[in-house]
Amino acid sequence: MPSTPVMDRWIRRTVERHLPWNVHLDLTYRCNERCIHCYLDHEDYGEMTTLEIECVLRQLAEAGTLFLTLSGGEIFLRQDLFELIAYARRLLFDVSVKTNALLVDAEKARRLQELGVRGVQISIYSADPEVHDSITKVRGSLARSLAAIRLLQGQGLHVKIACPLMTHNLAAYRGVQALAEELRIPYILDLTITPKMDGDTSILSLRNPSQDLLPILQDPIFNPKSCDRDDVFQPSLATGATGSSSASGLESHAYDDIPCSAGHNSCYISPYGDVFPCVQMPVATGNVRRERFEEIWYHSNEMNRVRGVRESQLPVCSSCTIRSHCERCPGLAQMEGGDLLGAYERACELAELKARIAGVEDPVSALHVKNGRDAVSCKVPPLNVLPQASA
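What counts and what doesn't
Residues numbered from 1 in each chain as written. Predicted model: local features only at pLDDT ≥ 70, side-chain atom pairs only at ≥ 80, totals over all residues. Heavy atoms only, no water. Phe/Tyr/Trp six-rings, centres within 6.5 Å; stacked < 30°, edge-to-face > 60°. Helix = DSSP H or I, 4+ residues; strand = E, 2+ residues; numbered from the N terminus. Buried < 20%, exposed > 50% of the residue type's maximum accessible area, 1.4 Å probe, protein only. 1 Å grid on protein atoms, 1.4 Å probe; cavity = no way out; pocket = protein on both sides within 12 Å on 5 of 7 lines; lining within 4 Å. Points joined across faces, edges and corners; volume = space filled by probe spheres on them. Nonpolar A, V, L, I, M, F, W, Y, C, P; charged D, E, K, R; others polar. Pairing = 2+ DSSP bridges. Contact = heavy atoms within 4.5 Å. Axes fitted to C-alpha atoms, helices over the stretch in contact; angles between N-to-C directions. Parallel < 35°, antiparallel > 145°, perpendicular 65-115°, else oblique. Left-handed = near helix turned anticlockwise from the far one by under 90°.

A. Quick peek at the packing of aromatic side chains. Counted according to the given criterion, the structure contains seven aromatic pairs. Between tyrosine 45 and tyrosine 272, the aromatic rings sit 6.4 Å apart at their centres with planes inclined by 65°, giving edge-to-face as the arrangement. A residue pair is termed long-range when its members are at least 10 positions apart, and tyrosine 45 in the loop between β1 (22-26) and α2 (50-63) and tyrosine 272 in the loop between β7 (266-269) and β8 (274-276) qualify at 227 residues. The exposure class assigned to tyrosine 45 is exposed, which follows from its relative accessible area of 56%. When its relative accessible area of 14% is taken as the criterion, tyrosine 272 is described as buried. Within the aromatic cluster, the residues linked to one another by ring pairs are Trp10, Trp21 and Phe67.

B. Quick peek at unusual backbone geometry. Even without being a glycine, histidine 18 presents a positive backbone phi close to 55°. The topology assignment puts histidine 18 in the loop between α1 (5-17) and β1. By relative accessible area, histidine 18 is classed as partly exposed at 26%. In this model, arginine 184 sits at a positive phi of 60°, which is unusual for a non-glycine residue. With respect to the helices and strands, the residue arginine 184 is situated in the loop between α7 (173-183) and β6 (187-190).

C. Representation of empty space enclosed by the protein. With the rule as written, the count across this model stands at six cavities of 30 Å³ or more. Within this model, the largest cavity holds a volume of roughly 630 Å³. Taken together, 32 residues line the largest cavity, and the ones lying closest to its centre are His37, Tyr39, Gly72, Ser123 and Tyr125. Among the secondary structure elements, those contributing two or more residues to the lining of the largest cavity are β1, β4 (119-123) and β5 (158-164). Of the residues assigned to the lining of the largest cavity, the class counts are 11 nonpolar, 15 polar and six charged. Each pocket or cavity is described by its volume, and for the second largest cavity that value is around 80 Å³. Forming the walls of the second largest cavity are 13 residues, and the residues nearest its centre are Cys317, Cys320, Cys326, Ala343 and Cys348. Of all the secondary structure elements, the ones that give two or more residues to the lining of the second largest cavity are α12 (345-357) and α13 (366-371).

D. Fine view of the sheet that holds β1. Across the sheet, which stays open at both edges, the nine strands sit in the order β6-β5-β4-β3-β2-β1-β7-β8-β9 with mixed pairing between neighbours. The sheet terminates laterally at β6 and β9 (286-287), the two strands that pair on one side only. Bridge analysis of β1 against β7 gives four bridges, and the strand direction is parallel. Counted as the bridge partner of histidine 24 is tyrosine 268 from β7. In this fold α2 packs onto β1, β2 (67-71) and β7, with an angle of close to 175° to the strand it touches most, β1.

E. Structural context of the side chain of serine 300. Structurally, the position occupied by serine 300 is in the loop between α9 (293-299) and α10 (301-307). For serine 300, a relative accessible area of 9% translates into the label buried. Leaving out residues up to four positions away in the same chain, serine 300 has contacts with Thr285 and Glu295.

F. Structural detail: the layout of surface pockets. Reported here for the second largest pocket is a volume of approximately 240 Å³. Lining the second largest pocket are 13 residues, with Tyr29, Asp41, Met197, Asp198 and Tyr272 sitting closest to its centre. Residues belonging to the lining of the second largest pocket are distributed by class as follows: eight nonpolar, one polar and four charged.

G. Main features of the packing of α2 against helix α3 (residues 81-90). Axis separation between α2 and α3 bottoms out at 10 Å; the angle between their running directions is 20°. Between α2 and α3, the angle is such that the two are roughly parallel. Here α2 runs over α3; the crossing is right-handed. Facing α2, whose interface residues are Thr50, Ile53, Glu54, Leu57 and Arg58, α3 presents Glu83, Leu84, Tyr87 and Ala88. For the contact of α2 with α3, the per-class residue count stands at five nonpolar, one polar and three charged.

Following this line, the structure appears as structure tokens:
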């Protein structure tokens, strides 16, 4: 989503001054679903207490944080959730939450509205209960999540759907998109399946092969200008903004020579107090149980190492002829390629597909040039869409 001129100036100021204006805080890793693609360990190894989290919130407010996303795991498993939200709102945070909504009833929806929560993001994997429930491993979970969405809407809350795509629900995006239009809420298509936070890459087997994503990247519903733009990978829907379900969604020229906002004006804090530049960047920079947040944010060697990375200095990617078509994530570069500064196969494959769709003849990423490998081997057929039989 392009930012307004005023917002762009503010983003630039937060980047230049390293203000942590956007913080993602997981309250728990415990969950009442067992989604097959989840990157978390759902055991409780000693979550921060209510008092510890309130202390962290005070430190974030002092550091200049404005946007606070509370997530998990499943946040409604925290008995102190509303107490923490109320405390955050008294500190004037703009609060959004992520939940599977299985535990949301009319009273909880009313409380969220009364506390001034700005937005609620809920993952929906398919409009077909059989497909959705097979991913969450909870029978009836789709019906319960949809019932909660309607309760939240009834309270005037802004709700959006996130739909991570994997092998189990590749053809489901059209059904979820139709569902979002019916509910008149934004829909986020997320093509990212990440390794687990402990480095386990086994769940990457659920990731769709790059070539299988071609019909989605070409789909005129998501790309009405016949895929002639540079933002093919983040298609535009009539129901609202789209992009990665873990990203802010805001674009700005302030990010032009840095990989992303991680470590510049945003970060992630785990339920155990560990601070990372991003939930998708497992570079531990400190722990708020042992150090003040500002000490970690401004003085951690690891945080400053991440902050010092520039796109123009990347050893491989800076010379890539199709770099403008690439959605390289430094966190995934670290997890999948072992190098925060490096290229990794998935990003290169998708960049080559996007470049082909945009009309680049025989695009080859710098990584494949370096390794003497061919680009993704597939022809770009006329625009088409996936069959809608499986919603």
